[in-house]
Every structure is written in structure tokens, then in C-alpha cells.
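Listed below are the residues making up each chain.
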Amino acid sequence: MKKLFLLSIAVLGFTFALSAQDISDNAIGLRLGDSDGFGAEISYQRALGENNRLELDLGLRSGNGYDGFKLAGIYQWVWILEGNFNWYAGVGGGLGSYSFDNVPPGFDDSETFVFIAGDIGIEYNFDIPLQLSIDARPELGFGDYRDDLDFDIALGIRYRF
């Protein structure tokens, strides 16, 4: 009877410890990568509940024949895997503007566009306030040049607070 009682207490404690794990209130850092060039984004995450958050990314893009910026907002759901690993998925959108190099005379050398995006990734939260993540963000653009599916893969490095 004593062993059953102790086992019950241990299981109950383990259950409360699992449910006590949640995502960081805030995280800020960099998201590095892109599908067809190099992009660096300043990335900010804000917890909205125990298992969801908002991620805002503002970045510069540089590719073969273009330069530009992009602003993205993604609503994410976060699930605890094991230990300090989490996986997440989300939806969102944003806007951007590109300037093209080597355009023939008479053609517009810039474009502003909007896009919708999905997001799926995995992250690791260290015991220190550091978070590493890798994610894939398919984006469907609506503009003259950016009117197709773009597949953005990136590495995130963030400070949690």
C-alpha cells in the first residue's frame, strides 16, 4: 500500500512537471536562410498562451539579381516533444519589396508584394536562455514577380527572456 501511494505521488508529480513546461514569454534573435539567396531576419517571438505564440520577422534579402526586405507575421502552435525539444506549426503572412538589378530600360525595377505562409519546425531550448530552431516556411506570393510558391528554410538563434 505504501509503494502504491508513493508511485501515485511520483506519477502525479511527473504529470504536473510536464504540464508546467511551457514556451518562453519572449525570444529575440536572428533567422538565417532563404530559398534562392541569403536572408537575415530579426526575429521576435511573443507567447500568447501556454502553447501558442506570435512570431514577427523583419529581414533583408539578397539574391541573384535582386535585393529587398520582407516582413512576416506567423501565428504558431507549439508542442513539447521530449526534454527541451519542441515542435511547432503555424500560419501567417506578410509583405515585402524587391529591387531588381540589370533591368532593361523602360521596365520597373522594383515590386511590392504580399504573401501567405505556413511554418513547421523544431526547436531546442538550452538550460541557458538560448533557443536554436530550424524551420521550413512555404510562402505563396501575390505580385508581378513574386507570384508563385517559395520554399524558405532557415536556422533560428534566439535569446529567451
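Refer to the structure above for everything that follows.
All residue numbers here refer to positions counted from 1 along the written sequence of the relevant chain. The model is predicted, so local features are restricted to residues of pLDDT at least 70 and side-chain atom pairs to those at 80 or more, both for listing and for counting; the totals for chains, interfaces and linings are taken over all residues. Side-chain metrics rest on all non-hydrogen atoms present in the structure, leaving aside hydrogens and water.

### Things to note about the overall build of the protein chain
Thought 1: We count a stretch as a helix when DSSP gives it H or I for four or more residues in a row; a strand needs E for two or more, and each element gets its number in order from the N terminus. Scanning the protein chain from terminus to terminus reveals one helix and eight strands.
Thought 2: From first element to last, N terminus to C terminus, the protein chain shows the α and β order α-β-β-β-β-β-β-β-β.
Thought 3: Every residue pair with non-hydrogen atoms within 4.5 Å of one another is taken to be in contact. Of all intrachain contacts in the protein chain linking residues separated by at least 6 positions in sequence, the fraction that spans at least 24 positions is 50%.
Thought 4: In the structure as shown, the protein chain presents an accessible area of about 9,500 Å², 68% of it carried by carbon and sulfur atoms. Areas reported here follow the Shrake-Rupley algorithm with a probe of radius 1.4 Å; residue values treat only the protein chains shown as occluding.

### Some words on the nonpolar core
Soluble globular proteins: nonpolar side chains tend toward being buried together.
Thought 1: Nonpolar cores were defined as sets of buried Ala, Val, Leu, Ile, Met, Phe, Trp, Tyr and Cys residues, with membership established by side-chain atoms within 4.5 Å. A simple rule labels every residue: compare its accessible area, found with a 1.4 Å probe on the protein chains alone, to the largest value its type can have, and call it buried under 20%, exposed over 50%, or partly exposed in between. Y66, A72, I74, Y98, F100, F113, F115 and A117 form the largest nonpolar core, which has eight residues in total.
Thought 2: Elements with a contribution of two residues or more to this core: β4 (66-80), β5 (85-100) and β6 (110-125).
Thought 3: Excluding anything up to four places from it in sequence, A72 contacts E55, L56, D57, G93, G94, F115 and R137.

### Side note on the pairing of strand β7 (residues 130-142)
Within a regular strand, side chains alternate between the sheet's two faces.
Thought 1: As defined by bridge partners, β6 adjoins β7 across 10 bridges and the pair is classed as antiparallel. Residue pairing across strands places A117 opposite E139, the latter belonging to β7.
Thought 2: With 11 bridges joining them, β7 and strand β8 (residues 149-160) adopt antiparallel strand pairing. Of the residues in β8, the one forming a bridge with P138 is F151. When DSSP locates at least two bridges between a pair of strands, those strands are taken to pair.

### Things to note about the side chain of S133
Thought 1: Among the secondary structure elements, S133 is positioned in strand β7.
Thought 2: Here S133 falls in the buried class, since its relative accessible area comes to 3%.
Thought 3: At 3.0 Å, the side chain of S133 and the side chain of R158 are in polar contact.
Thought 4: The residues contacting S133, other than those within four sequence positions of it, are Y88, I122, E123, A154, L155, G156 and R158. For the purposes of these results, a polar contact is taken to be a pair of N or O atoms within 3.5 Å, where, inside protein, one atom must be able to donate a hydrogen and its partner to accept one; residues adjacent in sequence count only when each atom of the pair is a side-chain atom.

### Here's the deal with the pattern of salt bridges
Thought 1: Salt bridge, as used here, is a side-chain nitrogen of Lys or Arg placed within 4 Å of a carboxyl oxygen of Asp or Glu. Evaluation of the coordinates by the stated rule reveals 10 salt bridges.
Thought 2: The salt bridge partner of R137 is E55, with a shortest N-O separation of 3.3 Å. Placement of R137 in strand β7 and of E55 in strand β3 (residues 52-63) is noted, with a sequence separation of 82 residues between them. For the residue pair R137 and E55, the accessibility class agrees, reading buried in each case.
Thought 3: Residue E139 is joined to K70 by a salt bridge in which the shortest nitrogen-to-oxygen separation is 2.8 Å.

### Some remarks on a negative patch on the surface
Thought 1: Side chains of D67, D101, D108, D109, D144, D147 and D148 sit close together on the surface and give a patch of like negative charge.
Thought 2: Following the sequence through the fold, D67 ends up in strand β4. Patch building starts from residues that exceed 30% relative accessible area and form no salt bridge, then joins like charges within 9 Å and nonpolar side chains (Val, Leu, Ile, Met, Phe, Trp, Tyr) within 5 Å. Asp and Glu are treated as the negative residues and Lys and Arg as the positive ones, with His and the ends of the chain left uncounted. A single reference atom marks each charge: NZ on Lys, CZ on Arg, CG on Asp, CD on Glu.

### Quick notes on the packing of aromatic side chains
Thought 1: Between 30 and 60 degrees the pair is tilted, below 30 it is stacked and above 60 it is edge-to-face, where a pair is any two Phe, Tyr or Trp rings, Trp via its six-membered ring, whose centres lie within 6.5 Å. According to the stated counting rule, one finds eight aromatic pairs in the structure shown.
Thought 2: Geometrically, the ring pair formed by Y98 and F113 is edge-to-face, given 5.2 Å between the ring centres and 65 degrees between the ring planes. Taken as a pair, Y98 in strand β5 and F113 in strand β6 lie far apart in primary sequence, 15 residues in all. Residues Y98 and F113 agree in their burial class; the two are buried.
Thought 3: Geometrically, a charge over a ring is one whose NZ (Lys) or CZ (Arg) sits within 6 Å of the ring centre while staying within 35 degrees of the ring normal. One residue, R53, lies across the ring of Y88, its end atom 5.0 Å from the ring centre.
Thought 4: The ring of F115 carries K70 above its face, with NZ or CZ at 5.3 Å from the centroid.

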